[in-house]
Amino acid sequence: MSMAQSPEPLDVDRESTRTGMSKTALKQGFLDNLFYIQGRFREVATPHDLYMAAAYTTRDRILERWIKSAQHYKSNQSRTVCYLSAEFLLGPHLANNLVNLGIVETATEAAHELGLDFDAIIAEEEEPGLGNGGLGRLAACFMDSLSTLQIPSIGYGIRYEFGIFDQTIEDGWQVEKSDNWLRNGNPWEIPRPKIRFPVFYGGYTEQYRDHDDRTRTRWVPAQIIDGVAYDTPILGYGVGNVNLLRLWKAEASESFDFQAFNVGNYYGAVHAKIEAETISKVLYPNDEPEAGKELRLKQQFFFVSCSIQDMIRLQFNTVGPLDSFAEKFVVQLNDTHPSLAVAELMRLLMDEHDMDWDRAWDITHRVFCYTNHTLLPEALETWSVSLFERLLPRHLEIVYEINRHFLDEVRIRFLGDEERVRRMSLIAEDGERRVRMANLAVVGSRAVNGVAALHSELVKTTLFKDFHDFWPDRFHNVTNGVTPRRFMVVANPRLARLISETCGSDDWIRDLGRLRDLEAHAMDSGLHERWHAVKIAAKRDLAAWLKHRTGVLLDPEAIFDVQAKRIHEYKRQHLNLLHIIRCYQRIKQSPNQDMVPRAFIFGGKAAPGYFMAKLIIKLINAVAEVINNDPQINGFIRVVFMPDFNVKNGQHLYPAANLSEQISLAGKEASGTGNMKFSMNGALTIGTLDGANVEIREEVGKENFFLFGMSADEVGQHQREGYRPWEYYARDAELKSDIDLINSGLFSHGDTQLFRPLTDRLVNQDPFMVLADYRAYIACQDHVAEAYRDHQHWTRMSILNVARMGKFSSDRAIREYAEHIWRTEPHPIGL
Ligand code: NBX
C-alpha cells in the first residue's frame, strides 16, 4: 500500500463529512473515520484499517437514506414484503454500495488523491458467505431489486457466526476451513440489542381456562433462547430507498435465565450460554440432500419465531390491531426452510393474541407465499414426528389440526380417494412418521411458485400434481433473475462502460431491457474490436489471478470454457471431464491436428459429506495435473480448478468466460442463475434444455446458443423404457476409451482403484444419464470449437447474448412477484 503525504487540511463543514458526496467530503469523511473509528493515522494504518474507514465512510452516506426510508414507510403504513430465507449470500458490500450510491468515480479519485490503492481496499473485504449457492444468492439479488424498485421490504434470516466453509485444495482433494468472517468486525451491520425475542423449545403443552372461561392452550417450554437483531442496510441503485436485512443471533435468555435453574451453579450457567449460542453458530453446508439434524430444525424455528414476533411488534407499532396483518405484511418463504412460520403465526395469533382457529387461519393463509427450488426427491425436507414433537410440541398439535381441516376438504372433493388423501397429508405414514414441510408450505400459502417456466410446469405436473388438481390457481411461475448491478457493473466495469458508451446512456443498469439497443451495433466492426478487447482484458486478469493462486498459466487467446457452481452429480461436472479427456486423447493420437486451444476452468464447493462430489473434484485436479504437465500437449489445452468459488471470486470468472457450461440432466436444475451471469457478460452457453436455459435460448435465439442432449420428456421416456448405461459404454468406442483411461491409473499415479466408485457408478447406474448424453455433448463441443475460429461471428453472437438478456434481471422477477403474487406498490423515497 503506497502511503503518500497527508493532504492539506480540508475545508468542509462537519455535517457534510458524513453525508456529502463530493470528493472533498469523501476524503475528509475517510480520514475522520480512520481516526475516530479505527483510531489510526495514515502512516500506521493497515490495509484492513483503510478498508474499515472506507466502509464506514460509505455506510455514513447510506444511513441518512435508511432513516428517511424507515420514517416514510412507518408514517405511510406501507405494505411490506418479508423475505424469509435461511440463507443470504450477499457478497462483498463496499463496491456494490459505491455503485448503488453512484460515487464510484468520485471515490476512486478521492482514494487516488489520498495516495491509496483503491482496488486493494476493495479486495480487502471478506464476504459474508451466509449461503450455499443459488438459493442464498437469489435472496441477495432479490434484496437489491426490492430496494431498487422501491418496495418496502425486510429480509429475515440468521446471522451465522460461521458461513459456508472456505475451500482449499490439498493434493487435489477439497479441504474445508472454517469461515470466521466476523473475526475482524463487520462495519455493515448495526446490532439492535433491544430488539430481542424469546424463542421456546421442548417441554409440553397444557390446557387452561382463561378469564372468559374459554379453554386455551399454553406451551411450557424446557428451554428459552433469545434472538437479537443485527441490521444491515440494503441500498437500492440510484434511489433514496434503503431496506432492511435483519439477521438474528442466538443468545442466552435474560428472562428464563441462570438464577432460576442454576442457583449457585456458575459453571452450568456459562454452559447454558454456550449452548444457546450454538444455534446461530454455523451454516449447514449441504445443499441438496436433507440430513434431518436436530440443530438445523432448531435454527429454522429460531429465525422464523423471531421474525414473526418482530412482524407482530411492527404491526402494533404502525397499523394497530392484528386483523389487518395480512394487508400490512406478505411473507415469501424461500423454499421450505422457513415453512414452520405457518404454524408459528397460528400459535402466536391463538395462544398469545386470543384469536380463535378460524380467524387465525384466515389471516395466516393470506400472508404466506412459497417458492420451491427443487424437484429432487432427496432434497425435500421432512422431519420425524418424534423429533418435531420433542422440540416443538405445540407446533405438532397445530400441524395436526391444519392437516385435519385440510384432509376433510380433500375427502369432500375426492370422495373415496384415500390414496390421494394419503399422498397429500402433511404427515407421511409409510415407515417412520414424518412431517412433510413442502406440503405444509403449500397448504399454508396462497401462492406457490417455481423458478423457471419448465420447473414450474414440472411442479404442477409431478411434485405437486395432487395439489394442483385441488387448487389450480395457487400455482405460478416466476423465472429467476440476477442483479445487473453486482454481476455486470461491479464485476465487469470495462464491459459496463463499453455498453453505456455504445447505447449512449447507462439507463440499462436500472432497465435491463434497454440492452436491446446494442443490437443495432451488432455488426459494427468498431464495436467488435472493442468488445473483443474488453473480453481479452478480463481473460488476462483472470489468468493472472489463477496463476497467482494455482500456479497454472492460461493462454488468453484460448477459449475460456467455464463451469462454476456447486459440485453435484446432477450438474454433471463429470460429463465436462469426459470431453476434456476426449480432447486429450485426440491430441495424443494426432499431435499435429489443427485444434482450437482451450482453457477448461472449474469452480465449486462439494458438500463435506458428499463423497462422490469430492471424488469429482479430485478427478478434475488429477486430470489437470497430467494434461498441464504433458509436454506433448504444450499448453494447447489446460485445466484448472479455481479454489473457493464464492461471490467475490465469481466476479473474476464471469467477465472472462467465452463458454458457459450449463449441462445438467434436463428436468433436474430448477432454474440455474449462473447461466444468466455468464451470458450477461458475453459468454455463449453450451447447455441442455433445463431450467432457465430454455428461456435463455428463447431470448438469445437458437442460433446463438449451443444446445445438446435429451429434453426432460425424453429423459422421462428413456427412464420408463429402462436405462442401461453399460450399453452406451460397450457400444461407443471413444466413450469406453475415455472411461477406461480413468480406470487405467494414468490420472492416479497407477492407482486403478481410486476413481472406481465414480466410473462404476457411471457404467452401472448413472442416475443422471451422463453416458446417454455423452455423444451429443462431444458433437456440440466440436461445433463450439469450429464457431470460435470465426472471431467476427463469435463476437457478434456474444454481443447478441448480452443485448437479449433483459429478461434475466432480478428487477423483472421482483416486478412479477410484486404484481402477480404480493400485490405491493413502490414507495419512492426522493434523493
Ligand atoms: O436454487 C437452487 C437450485 O438448484 C437452482 O436451480 C436455482 O436456480 C436456485 C435459485 O432458485 N437451489 C439451491 O441453491 N439450494 C440450496 O442451496 C439448498 C441449501 C440448503 C438446503 C437445501 C438446498 N438444505
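Rules used in this analysis
Residues numbered from 1 in each chain as written. Predicted model: local features only at pLDDT ≥ 70, side-chain atom pairs only at ≥ 80, totals over all residues. Heavy atoms only, no water. Salt bridge = Lys/Arg side-chain N within 4 Å of Asp/Glu carboxyl O. Buried < 20%, exposed > 50% of the residue type's maximum accessible area, 1.4 Å probe, protein only. Helix = DSSP H or I, 4+ residues; strand = E, 2+ residues; numbered from the N terminus. Domains from an automatic or database assignment. Contact = heavy atoms within 4.5 Å. Buried area = accessible area lost by both parts, 1.4 Å probe. Near = heavy atom within 4 Å. Polar contact = N/O pair within 3.5 Å; in protein donor to acceptor, adjacent residues only side chain to side chain. Areas by Shrake-Rupley, 256 points an atom, 1.4 Å probe, with all protein chains shown as cover. Nonpolar A, V, L, I, M, F, W, Y, C, P; charged D, E, K, R; others polar. pLDDT = per-residue confidence, 0-100. Disulfide = S-S within 2.5 Å. Pairing = 2+ DSSP bridges. Right-handed = clockwise from strand over helix to strand, strands pointing away. Phe/Tyr/Trp six-rings, centres within 6.5 Å; stacked < 30°, edge-to-face > 60°. Lys NZ or Arg CZ within 6 Å of the ring centre and 35° of its normal. Axes fitted to C-alpha atoms, helices over the stretch in contact; angles between N-to-C directions. Parallel < 35°, antiparallel > 145°, perpendicular 65-115°, else oblique. Left-handed = near helix turned anticlockwise from the far one by under 90°. Expected span 1.5 Å × (residues − 1). Bend = angle between axes of the 7 residues up to and from the residue. 1 Å grid on protein atoms, 1.4 Å probe; cavity = no way out; pocket = protein on both sides within 12 Å on 5 of 7 lines; lining within 4 Å. Points joined across faces, edges and corners; volume = space filled by probe spheres on them. Patch = residues over 30% accessible without salt bridge, like charges linked within 9 Å, V, L, I, M, F, W, Y side chains within 5 Å.

**A look at the pattern of salt bridges**
Link 1 in the chain: By the definition in use, this model includes 71 salt bridges.
Link 2 in the chain: One salt bridge connects Asp210 with Arg216, and the closest N-O pair in it is separated by 3.2 Å.
Link 3 in the chain: Assessed through its relative accessible area of 11%, Arg216 is described here as buried.
Link 4 in the chain: Note that Arg572 is salt-bridged to Asp773, the shortest N-O span being 2.9 Å. Note that Arg572 is positioned in the loop between β19 (559-564) and α23 (573-589) and Asp773 in helix α32 (residues 770-789), a separation of 201 residues in sequence. In terms of burial, Arg572 and Asp773 fall into one category: buried.

**Considering the domain arrangement of the protein chain**
Link 1 in the chain: In terms of domains, the protein chain is made up of domain 1 (1-76 + 97-126), domain 2 (77-92 + 127-479 + 816-822) and domain 3 (484-710 + 774-806).
Link 2 in the chain: Centre-to-centre separation of domain 1 and domain 2, based on C-alpha positions: 36 Å.
Link 3 in the chain: Tallying the contact residues gives 23 residues for domain 1 and 33 residues for domain 2.
Link 4 in the chain: Summing both partners gives a buried area of about 2,400 Å² for domain 1 against domain 2, and 56% of it is carried by carbon and sulfur.
Link 5 in the chain: In terms of surface lost to domain 2, no three residues of domain 1 exceed Trp66, Tyr73 and Glu126, which account for 35% of the buried area on that side.
Link 6 in the chain: In this assembly, domain 1 and domain 2 are joined by one salt bridge.

**Some points on the site of the ligand**
Link 1 in the chain: Near the ligand there are 20 residues, and of these Asp287, His373, Asn480, Glu669 and Gly672 occur at the shortest range.
Link 2 in the chain: Glu669 is positioned with one of its side-chain polar atoms (N or O) 2.6 Å from an oxygen atom of the ligand.
Link 3 in the chain: Measuring from an oxygen atom of the ligand, one finds a backbone N or O atom of Ser671 at 3.0 Å.
Link 4 in the chain: Protein chains shield 95% of the accessible area of the ligand, which is 520 Å² for the free molecule.
Link 5 in the chain: Counting residues per element, the shell around the ligand draws most heavily on helix α7 (residues 134-148), at three residues.
Link 6 in the chain: Looking at the shell around the ligand residue by residue, the classes come out as five nonpolar, nine polar and six charged.
Link 7 in the chain: When we break the shell around the ligand down by domain, the ones giving at least three residues each are domain 2 (77-92 + 127-479 + 816-822) and domain 3 (484-710 + 774-806).

**Quick look at the confidence of the model for the protein chain**
Link 1 in the chain: Predicted confidence across the protein chain gives a mean pLDDT of 95, with 97% of residues reaching 70 or more.
Link 2 in the chain: Scoring the predicted complex yields pTM 0.97 and, for the interface, ipTM 0.99.

**Overview of the state of the cysteines**
Link 1 in the chain: On inspection of all chains with the given rule, the structure shows zero disulfides.
Link 2 in the chain: Unpaired in this structure, Cys583 has its nearest cysteine sulfur neighbour in Cys780, at a distance of 13 Å.
Link 3 in the chain: With relative accessibility at 4%, the residue Cys583 sits in the buried group.

**Description of the pairing of strand β22 (residues 659-662)**
Link 1 in the chain: Of the two faces of β22, the one holding Leu659 and Glu661 and the one holding Ser660 and Gln662 are both buried throughout.
Link 2 in the chain: In this structure, β22 lies alongside strand β23 (residues 684-687), joined through four bridges in parallel fashion. By the bridge assignment for β23, Gln662 is matched with Gly687.
Link 3 in the chain: Once you follow β22 into helix α26 (residues 674-680) and on to β23, the crossover reads as right-handed.

**Description of the environment of Asp690**
Link 1 in the chain: As for its position among the elements, Asp690 is in the loop between β23 and α27 (693-700).
Link 2 in the chain: Given a relative accessible area of 1%, Asp690 falls into the buried group.
Link 3 in the chain: In the structure, Asp690 is positioned 23 residues away from Gly667 in sequence and 5.7 Å away in space, judged by C-alpha atoms.
Link 4 in the chain: Those residues in contact with Asp690 that sit more than four places away from it in its chain are Leu454, Ser664, Leu665, Ala666, Gly667, Lys668 and Glu669.
Link 5 in the chain: A polar contact is formed between the side chain of Asp690 and the backbone nitrogen of Lys668, at a distance of 3.4 Å.

**Structural notes on the side chain of Ser809**
Link 1 in the chain: Positionally, Ser809 belongs in the loop between α33 (791-803) and α34 (810-822).
Link 2 in the chain: By relative accessible area, Ser809 is classed as buried at 2%.
Link 3 in the chain: Among the polar contacts made by the side chain of Ser809, one reaches the main-chain amide nitrogen of Asp811 at a distance of 3.0 Å.
Link 4 in the chain: In this structure Ser809 touches Gly481, Val482, Pro484, Leu512 and Met680, once residues within four positions along its chain are discounted.

**Topic: the packing of aromatic side chains**
Link 1 in the chain: This structure, assessed with the given rule, holds 27 aromatic pairs.
Link 2 in the chain: Grouping aromatic residues by their ring pairs yields a cluster made of Tyr370, Phe406, Phe414, Phe464, Phe467, Phe470, Trp471 and Phe475.
Link 3 in the chain: Sitting over the ring of Tyr230, Arg159 keeps its end group 4.0 Å from the ring centre.

**Overview of the packing of α23 against helix α24 (residues 611-628)**
Link 1 in the chain: Relative to each other, α23 and α24 sit at 15°, their axes nearing to 10 Å. Between α23 and α24, the angle is such that the two are roughly parallel. As for how α23 packs across α24, the hand of that crossing is left-handed. Between α23 and α24, the contacting residues are Gln573, His574, Leu577, Ile580, Ile581 and Tyr584 on the first element and Ile616, Leu619, Ile620, Val623, Val626 and Ile627 on the second.

**Description of the sheet that holds strand β16 (residues 434-436)**
Backbone-to-backbone hydrogen bonds join strands into a sheet, with any given pair of strands oriented parallel or antiparallel.
Link 1 in the chain: An order of β14-β16-β15 is seen for the three strands of this open sheet, with the pairing classed as antiparallel. The open sheet has two free edges, formed respectively by β14 (382-384) and β15 (427-428), since each of these has just one partner strand.
Link 2 in the chain: When β15 meets β16, the two strands line up antiparallel, connected through two bridges. Looking across to β16, one finds that Ala428 is bridged to Arg434.

**Side note on helix α3 (residues 47-75)**
Link 1 in the chain: Taking 1.5 Å per residue as the helical rise, α3 with its 29 residues ought to reach 42 Å, and the 42 Å between its terminal C-alpha atoms agrees with that figure.
Link 2 in the chain: Maximum bend of α3: about 25°, positioned at Ile62.
Link 3 in the chain: Once α3 ends, the next one or two residues include Gln77, with phi positive near 50°.

**Structural notes on the layout of surface pockets**
Link 1 in the chain: By volume, the second largest pocket is sized at about 570 Å³.
Link 2 in the chain: Contributing elements (two or more residues each) for the lining of the second largest pocket: α3, β4 (153-158), β7 (190-201), β11 (242-252) and α10 (294-317).
Link 3 in the chain: Per-element tally for the lining of the second largest pocket: the top contributor is α3, with seven residues.
Link 4 in the chain: A class-by-class count of the residues in the lining of the second largest pocket yields eleven nonpolar, seven polar and seven charged.
Link 5 in the chain: Two domains each put at least three residues into the lining of the second largest pocket: domain 1 (1-76 + 97-126) and domain 2 (77-92 + 127-479 + 816-822).

**As for unusual backbone geometry**
Link 1 in the chain: Positive phi outside glycine occurs at Gln77, with the angle close to 50°.
Link 2 in the chain: Mapped onto the elements of the fold, Gln77 is located in the loop between α3 and β1 (80-84).
Link 3 in the chain: The phi angle at Asp766 is positive, at roughly 45°, despite the residue not being glycine.
Link 4 in the chain: You can see Asp766 is positioned in the loop between α31 (756-764) and α32.
Link 5 in the chain: Residue Asp766 is classed as buried on the basis of its relative accessible area, which comes to 2%.

**Considerations on a nonpolar patch on the surface**
Link 1 in the chain: Taken together, the side chains of Phe35, Tyr36 and Ile37 present a nonpolar region at the surface, about 360 Å² in accessible area.
Link 2 in the chain: Within the secondary structure, Ile37 is located in the loop between α2 (23-36) and α3.
Link 3 in the chain: For Ile37, a relative accessible area of 40% puts it in the partly exposed group.

**Observations concerning the sheet that holds strand β18 (residues 475-477)**
Link 1 in the chain: In space, the nine strands of this open sheet follow the order β7-β10-β11-β4-β1-β12-β13-β17-β18, with mixed pairing throughout. Each edge of the sheet is formed by a strand with only one pairing partner; in this case those strands are β7 and β18. The sheet shows a mean angle of 25° between the axes of neighbouring strands, direction not considered.
Link 2 in the chain: Of the pairings in the sheet, the one linking strand β17 (residues 447-450) to β18 comprises three bridges and is parallel in character. Across the sheet, Gly450 pairs through a bridge with Asn477, a residue of β18.
Link 3 in the chain: Packing against the sheet, α3 makes contact with β7, β10 (223-235) and β11, and its axis sits at approximately 95° to β11.
Link 4 in the chain: Relative to the sheet, α10 contacts β1, β4, β7, β10, β11, β12 (329-334) and β13 (368-371), its axis offset from that of β7 by approximately 115°.

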